[in-house]
Amino acid sequence: ATGSWRLRQYNTTGNSLDIKYGVIAINSQSANYSVSFSGKNFTSTNYTVVFGLYRSNTQSWFWSPIVQSKTVSGFTVFLRGNGSGDNSGTIMYLAIRSN
């Protein structure tokens, strides 16, 4: 699913982490994928994106996802598989920003 969290430091309301999460369906061996955050945008593009790849039917490995660009409302990621059969699966992401 797609969503977000805000974690606050106990007794310090100014310190928090904003976290956006979601999934992207892979449909090509080599492609850029655009992500739009649901809900409230980040306040700046100073955030980190962490990825996990899931493929239930093969042991093939993908090259590392590379974030091409970031905006306060989402990002674009490039992903390339090793072979022509690497055209399915799911990218799971966490976008994390410290305020």
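All figures in this text were calculated on a predicted structure; none of them were measured in a lab.

*Asks:* Sorry if this is basic, but what is going on with the overall build of the chain here?
*Replies:* Scanning the chain for helices and strands turns up zero helices and seven strands. Secondary structure elements in the chain, listed N-terminal to C-terminal, are β-β-β-β-β-β-β. Counting the 99 residues in the chain, one finds 28% classified as buried. In the structure as shown, the chain presents an accessible area of about 6,100 Å², 50% of it carried by carbon and sulfur atoms.

*Asks:* Would you take a moment to explain the pairing of strand E3 (residues 30–36) for this structure?
*Replies:* Both faces of the sheet carry side chains from a regular strand, because those side chains alternate between them. Burial along E3 is one-sided: the face carrying Ala31, Tyr33 and Val35 is buried and the face carrying Ser30, Asn32, Ser34 and Ser36 is not. Relative to strand E6 (residues 74–80), E3 runs antiparallel, the two being bridged by seven bridges. Each residue of the ladder has a partner; that of Tyr33, found in E6, is Val77.

*Asks:* Just to check I follow, could you spell out the environment of Ile91 for this structure?
*Replies:* Along the chain, Ile91 falls in strand E7 (residues 90–98). In this structure, the C-alpha to C-alpha distance between Ile91 and Leu79, residues 12 residues apart in sequence, is 9.3 Å. Setting aside residues up to four positions removed in sequence, Ile91 forms contacts with Gly22, Val23, Ile24, Ile26, Tyr33, Phe51, Gly52, Leu53 and Leu79.

*Asks:* Just to check I follow, could you spell out the side chain of Ser16 for this structure?
*Replies:* By secondary structure assignment, the location of Ser16 is in strand E2 (residues 12–25). Look at Ser16 and you get buried, because its relative accessible area is 8%.

*Asks:* How should I be thinking about the sheet that holds E3 in this particular structure?
*Replies:* In a beta sheet, neighbouring strands are held together by backbone hydrogen bonds and run either parallel or antiparallel to one another. One open sheet holds the three strands; their spatial order is E3-E6-E5, and the pairing between them is antiparallel. The open sheet has two edge strands with one neighbour each: E3 and strand E5 (66–71). In this sheet, adjacent strand axes meet at a mean angle of 15 degrees when their direction is disregarded.

*Asks:* So what exactly am I meant to see when it comes to the environment of Asp18 here?
*Replies:* Following the sequence through the fold, Asp18 ends up in strand E2. Look at Asp18 and you get buried, because its relative accessible area is 11%. Asp18 has contacts with Trp5, Arg6, Phe42, Ala95, Ile96, Arg97 and Asn99, leaving out every residue within four places of it along the chain.

*Asks:* Help me out: how do you make sense of the nonpolar core in this one?
*Replies:* Across soluble globular proteins, nonpolar side chains have a tendency to be buried as a group. Membership of the largest hydrophobic core comes to 15 residues, with the highest contact counts inside it found for Ile24, Tyr33, Phe37, Tyr47, Phe75 and Tyr93. At the level of secondary structure, the elements contributing two or more residues to this core comprise E3, E6 and E7. When residues no more than four places from it in sequence are discounted, the contact partners of Ile24 are Tyr33, Val35, Val77, Gly89, Thr90, Ile91 and Tyr93.

The rules behind the values
- Residues numbered from 1 in each chain as written.
- Predicted model: local features only at pLDDT ≥ 70, side-chain atom pairs only at ≥ 80, totals over all residues.
- Heavy atoms only, no water.
- Helix = DSSP H or I, 4+ residues; strand = E, 2+ residues; numbered from the N terminus.
- Buried < 20%, exposed > 50% of the residue type's maximum accessible area, 1.4 Å probe, protein only.
- Areas by Shrake-Rupley, 256 points an atom, 1.4 Å probe, with all protein chains shown as cover.
- Pairing = 2+ DSSP bridges.
- Contact = heavy atoms within 4.5 Å.
- Axes fitted to C-alpha atoms, helices over the stretch in contact; angles between N-to-C directions.
- Core = buried A, V, L, I, M, F, W, Y, C linked by side-chain atoms within 4.5 Å.

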